[in-house]
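Report on the structure
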Amino acid sequence: MRKKYLLGIALVGVLALSSCSSSTPGTDDDAPGAEGGNGGTIYVLQNSDYSHLDPAQGFDGGVNNFYRLIYRTLTSQSTGEGAEGTEIVPDLATDLGTPNEDATVWTFTLKDDIFFEDGTPITSADVRFGVERSFDPDIAVGSPYARLLLADTDGYEGIYRSGQLSSIETPDEKTIVFHLSRPFADFASAVAQNVFVPFPAEGDVTTTSIDQQPISSGPYKVTEYTPGSSLVLERNEHWSADTDDIRAALPDSFEYTFGLDPATIDERLIADQGKDANAIGGSVQPAAISRIQTPEIQARTIDGIQGCTTYLGLNTTKAPFDQELVRQAVAWAVDKKSAQTGTGGTLLADIAHTMLPPQMAGREDFNDFETADDAGDPEKAKELLAEAGLPDGFSFSLDMRTTPKTQAQAESLQQSLSKAGITVNLNVIDTASYWETIGNTSQQTDAALAGWCPDWANGETFLPPLFEGSQIFPTGNSNIAQFDDPEVNERMTEIRAMADIDEANAAWSALDQTIVSKAPGIPLLYEKVLSVTGSNIAGAYSHAGFSGGIDFVSVGLVDPSK
C-alpha cells in the first residue's frame with residue numbers, strides 16, 4: 001500500500017487571504033521562516049498519534065516526517081521548500097551509491113563516526129539486519145520497495161524465520177551490496193525508505209521491541225512515550241552533526257501531545273500563549289481561516305503544496321468508460337475552476353493538468369484539455385459523446401467521502417458535467433472505509449474521487465500504482481481506473497529498464513501525457529496545506545516530501561531561552 005492522500009483542509013466557500021504568506025512565509029526576523037538557534041523545546045500539538053514507532057510498519061507522510069528525527073537511512077530527502085526538499089541526498093552513506101552497468105547491483109559505503117543511541121557503531125551488518133527484519137510477516141506492512149526490488153525474495157520471511165537474505169552482501173563493516181531483481185536506476189531513492197533503517201544486528205531486537213522502544217540512529221531518542229497521549233524526544237548524544245548534512249536538529253527536545261481536538265489546536269496556536277509560542281500543529285481547520293488574516297497571524301502562517309494530485313478516476317471496465325472517447329468527453333466537460341473554488345480557492349489548491357504533481361523530477365507541464373479559465377467545454381464534450389454513440393448523454397455513479405471538501409468537489413463535478421448531458425449520482429461512503437471500498441474491485445462503482453502522493457519524486461512511485469495493468473488487485477487496489485492499456489504497460493516496462501535516471505524521469509513525464517490523453521484519470525487539483533505556528537518558532541516551512549507537513553528536522557526557536 002503506497003501513501004494515499006488522506007490529509008486535507010476541508011473547506012467550502014472560504015475567503016482567500018488577501019496577503020497571506022507565500023511559500024516563503026513572513027518577512028520579519030521573528031517569522032517562522034527566520035533562522036533559529038540551538039536549544040529549547042518545541043511542542044507539537046496533534047489530533048492523533050503516529051501509526052507505529054517501528055519504521056518497518058509506518059508508511060505515510062506524517063510518520064515519515066517524524067522518523068527523520070530518530071532514524072537515519074542510507075539516503076534521505078533533502079531539506080528546503082518545493083522540489084529542493086524532495087532531492088535525494090546521502091545520509092548514512094557517503095554518496096548515492098554505485099550501480100553496476102545495468103543498475104542491478106548497487107554498492108553503498110557507510111560514513112565514519114555514525115552510532116546508535118548507546119554509542120555502538122552502525123555497521124553494514126546493522127543496515128542488512130534492519131532490511132531483513134522488515135520482511136517479517138508480522139511487521140511487513142510499511143514501504144514495499146525492499147520486497148519489490150531486491151532479488152531472491154520469493155518466500156523470504158525475514159531474518160527471524162528465513163535467516164539472511166542472499167541478495168544482500170556485507171563484505172566489510174563499511175560496505176553493503178544489494179542485488180536487485182531487475183535494473184533500477186533510482187535505487188538511491190529506494191534506500192531512503194523506512195525499511196532501510198539500521199538496527200543492531202547483535203542487539204536484542206525483536207519484531208515487537210522497536211515499536212515499543214525505538215533504537216535511535218538520528219539526532220533524538222525517545223525518552224517517554226504514552227501511546228495515544230504523549231511522546232518526548234531528547235537529544236541522542238551519540239549523533240554528530242558532522243556526519244549529517246540534512247538535519248539541523250536545533251531544539252534540545254520535542255514534546256508531542258496527541259488526542260487534541262483540531263479546533264482546540266487552532267485556538268491554542270492563534271492565541272499563542274505560554275508554551276504554545278513554541279508550538280506547531282497541522283493544517284488549520286476551515287472555521288479558523290477567517291481568523292488568521294490579521295498581519296500578526298499571517299506573519300506566523302506557512303503554506304505549501306501537499307505534493308499530491310487529486311483526480312477523478314474513471315472505471316475503465318464499466319460502460320461507457322470503457323470507451324476512450326467518453327472518458328475524453330468527461331475530461332473536456334470538467335470545470336476545474338469550480339472544483340478549485342469549492343476546495344477553498346487558490347489559497348488551498350492549484351488546478352492540475354498533469355497527473356504527476358509539481359515536485360516530481362523531470363516533470364513537464366502540459367494541458368491536453370485546455371479550456372477558457374479551466375471552466376470546461378461542454379459543447380466539445382457533447383460532440384465526443386455523439387461520436388461515441390451517446391448523443392443524449394449518460395449517467396454514472398461517483399464514489400466520494402463524507403467530508404465537506406470532497407462533498408464540494410463532487411458537487412462541482414456534478415454541476416459541470418450536467419452541462420454536457422452527463423448525470424452524476426453521488427455514492428457517499430464513510431471516510432473510514434472509503435479507501436478499502438474503492439480499492440475493492442467488486443465494490444467500487446463507475447468512478448471515484450481520489451488522490452495520490454509519490455513515495456519519492458519519481459514517476460515510478462506514481463504512474464504504475466495508478467495505471468499499470470499488472471497492479472490491478474481484487475483488494476487493496478490502487479489502480480481504481482482498472483486501466484490495462486498494452487501501450488502504457490509496455491512503456492512502463494521499458495522505462496524501468498533505463499539505467500540513466502534523467503532519461504527515465506523524462507520518459508515518465510512523457511508517459512504522463514500519454515495516460516492523461518487517454519483519460520482513465522482526470523487530474524483536478526494540487527492541494528495545499530496552511531499552518532499557523534507559535535510566535536517563537538523559526539525555520540518552519542512546508543516540506544513537499546512529507547505531505548506538506550512542517551519539516552521537523554529544520555524547525556527551531558527564535559529565542560531558545562523562552
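Conventions used here
- Residues numbered from 1 in each chain as written.
- Predicted model: local features only at pLDDT ≥ 70, side-chain atom pairs only at ≥ 80, totals over all residues.
- Heavy atoms only, no water.
- Helix = DSSP H or I, 4+ residues; strand = E, 2+ residues; numbered from the N terminus.
- Buried < 20%, exposed > 50% of the residue type's maximum accessible area, 1.4 Å probe, protein only.
- Lys, Arg positive; Asp, Glu negative; His and termini not counted.
- Salt bridge = Lys/Arg side-chain N within 4 Å of Asp/Glu carboxyl O.
- Contact = heavy atoms within 4.5 Å.
- Pairing = 2+ DSSP bridges.
- Polar contact = N/O pair within 3.5 Å; in protein donor to acceptor, adjacent residues only side chain to side chain.

Per an unreviewed UniProt entry, the chain goes by the name Peptide/nickel transport system substrate-binding protein and belongs to Microbacterium invictum.

Considerations on the side chain of Asp 446
Counting through the fold element by element, Asp 446 comes out in the loop between α13 (431-438) and β17 (447-452). As a buried residue without a salt bridge, Asp 446 has its nearest oppositely charged side chain in Lys 318, at a separation of 4.5 Å. Apart from the residues within four sequence positions on either side, Asp 446 is in contact with Gly 313, Leu 314, Asn 315, Lys 318, Phe 321, Phe 396 and Ser 397.

Some details on the pairing of strand β18 (residues 521-532)
Sheet faces and side chains relate simply in a regular strand, where the side chains alternate between the two faces. Of all the 12 residues making up β18, 12 are buried; the element is thus mostly covered by neighbouring parts of the structure. In the sheet, strand β12 (residues 301-305) pairs with β18 via five bridges, with the strands oriented antiparallel. Looking across to β18, one finds that Thr 301 is bridged to Val 532. Across four bridges, strand β13 (residues 309-314) lies against β18 in antiparallel orientation. Residue pairing in the sheet places Tyr 311 in a bridge with Pro 523 of β18. Across three bridges, strand β14 (residues 349-351) lies against β18 in antiparallel orientation. Following the sheet pairing, Ala 349 is matched in β18 by Glu 527.

So, the environment of Asp 350
Secondary-structure assignment places Asp 350 in strand β14. Given the relative accessible area of 31%, Asp 350 is considered partly exposed. Taking the C-alpha atoms as reference points, Asp 350 and Lys 336, 14 residues apart in sequence, are found 9.6 Å from one another. When neighbours within four sequence positions are excluded, Asp 350 is seen to be in contact with Gln 340, Leu 524, Leu 525, Tyr 526 and Lys 528. Separated by 3.1 Å, the side chains of Asp 350 and Lys 528 make a polar contact.

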